[in-house]
Amino acid sequence: MQIITNPDQMQSWSMEQRCAGKRLALVPTMGYFHEGHTSLMTWAKSKADFLMVSLFVNPTQFGPREDLRQYPRDVDRDTRIAEDLGVDVLFMPRAEDMFSPSHAVWIDAPSLCRGLCAVQRPTHFRGVATVVAKLFMLTSPTLAVFGEKDWQQLAVIRRMVQDLNIPVEIRSRPTVRESDGLAMSSRNVNLDPAERAQASALYEGLRQVEQWVGDGETEASLLLAALGEFYARKMPLGRVEYMAVVEPELLYPLEEVSGTALVAVAVQFKGARLIDNILMNAQGQ
Ligand code: AMP
């Protein structure tokens, strides 16, 4: 496995491979690998000649009061995991080489950032879109693979690629979960044991909504009210930041669950902020 830290070197390597006709897959990450990450890597590897993984804790997607400094890191362990998985290039640029003090150009998707995570994190997706665009420029991927856990991020990236004619295929993979249903996340290690025990209710509640929809209840406001009660009962240590029913691509709020709808939630615990979502298909119900 090659470890590349220099952006120019990364760009030359990837352009050389593309010119030689190779298919390159990119999995962008912030590290502290878990099975969610490795599932993307294993899948991406099967789709390309070379697998590139970027490991970059992007400062521009963290707000001033967010957990940039507490974000878990273990580069040695990540390097071993990547090597064992057969990653061809691990790209680990330094923050100062990615964002100079005079950085001035940003990519924004305001219509996708009116709700969900963007309400509490107003500059988050601008940081994500900009860094992902930069990573695409530096790694020239044929395809890039993202997790469905971060659904709003995926929607922003899909739109960015379409609207800016970026020649990369975006593929998504399902959320990998712990045995009790909690979506795997690097931030889970920052939960204390009591919070961790309650955190499984996040997904349990989403499954409940699925059940209620299956039973014939389709009014979003009623579903969300019932979900709120479920969380208040099962997750007293968590503060619900949002619960929403939205159209899955453009993310506008839906009043009814009919056809496909995304139910998305965020909960703030003392140790970590967690997000999750479930895609519903109410057709024929
Ligand atoms: P992160 O390191 O958290 O920025 O995540 C890097 C990539 O892994 C993103 O595309 C995430 O959506 C994806 N990812 C994170 N957690 C999971 C999970 N539990 N299952 C599947 N993909 C995930």
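Check the entry above for the structure.
Starting from 1, residues in each chain are numbered consecutively following that chain's sequence as written. Predicted model: local features are reported for residues with pLDDT of at least 70 only, side-chain atom pairs are reported and counted for 80 or more only, and whole-chain, interface and lining totals are derived from all residues. No hydrogens and no water enter the side-chain calculation; it runs on all heavy atoms of the structure.

**Here's the deal with the packing of helix H1 (residues 7-19) against helix H6 (residues 124-139)**
And then number 1: Inter-axis angles, ranging from 0 to 180 degrees, are taken between N-to-C directions of lines fitted to C-alpha atoms, where helices are fitted over the stretch in contact. In this description a helix means any DSSP run of H or I spanning at least four residues, a strand means any run of E spanning at least two, and both kinds are numbered starting from the N terminus. Two numbers describe how H1 lies on H6: the axes approach to 7 Å, and their chain directions differ by 55 degrees. Taken together, the axis directions place H1 and H6 in an arrangement best described as oblique. Contacts between H1 and H6 involve Pro7, Met10, Gln11 and Ser14 from the first element and Met137, Leu138 and Thr139 from the second. Any angle that is under 35 degrees is reported as roughly parallel, and any over 145 degrees as roughly antiparallel; angles of 65 to 115 degrees are reported as roughly perpendicular and all others as oblique. A contact between two residues is defined here by any heavy atoms of the two lying within 4.5 Å.

**Overview of the sheet that holds strand S8 (residues 260-268)**
And then number 1: Strands were regarded as paired on the criterion that DSSP finds at least two bridges between them. Strand order in this open sheet of three strands is S7-S8-S9, and the pairing throughout is antiparallel. The open sheet has two free edges, formed respectively by strand S7 (239-246) and strand S9 (273-281), since each of these has just one partner strand. Across this sheet, the average inter-strand angle for adjacent strands is 10 degrees, counted without regard to direction.
And then number 2: Both S7 and S8 contribute to a ladder of seven bridges, which runs antiparallel. By the bridge assignment, Tyr242 is partnered in S8 with Ala266.
And then number 3: Of the strands in this sheet, S8 and S9 touch helix H9 (residues 201-214), which is tilted by about 20 degrees from S9.

**Some points on the packing of aromatic side chains**
And then number 1: Stacked, edge-to-face and tilted are the three classes for Phe, Tyr and Trp ring pairs, Trp counted by its six-membered ring, which pair at centre distances within 6.5 Å; planes under 30 degrees apart are stacked, over 60 edge-to-face, the rest tilted. For the coordinates displayed, the defined rule picks out five aromatic pairs.
And then number 2: Between Trp13 and Phe50, the aromatic rings sit 5.5 Å apart at their centres with planes inclined by 70 degrees, giving edge-to-face as the arrangement. Of the two residues, Trp13 is situated in helix H1 and Phe50 in strand S3 (residues 50-55); the sequence distance between them amounts to 37 residues.
And then number 3: Aromatic side chains Phe99 and Trp106 sit 6.0 Å apart centroid to centroid with 10 degrees between the ring planes, which places their arrangement in the stacked category.
And then number 4: Only protein chains enter the accessibility calculation, which uses a 1.4 Å probe; a residue whose area is less than 20% of its type maximum is buried, one above 50% is exposed, and one in between is partly exposed. Taking relative accessible area as the criterion, Trp106 reaches 29% and is therefore assigned partly exposed.
And then number 5: Taken together, the ring pairs in this structure connect Phe56, Phe99 and Trp106 into an aromatic cluster.
And then number 6: Cation placement over rings: the criterion is NZ of Lys or CZ of Arg within 6 Å of the ring centroid and within 35° of the ring normal. The positively charged end of Arg126 is found above the aromatic ring belonging to Trp106, 4.2 Å away from the centroid.
And then number 7: Taking the ring centre of Tyr203 as reference, the NZ or CZ of Arg177 above it sits at 3.4 Å.

The values reported here are purely geometric and, on their own, carry no functional implication.
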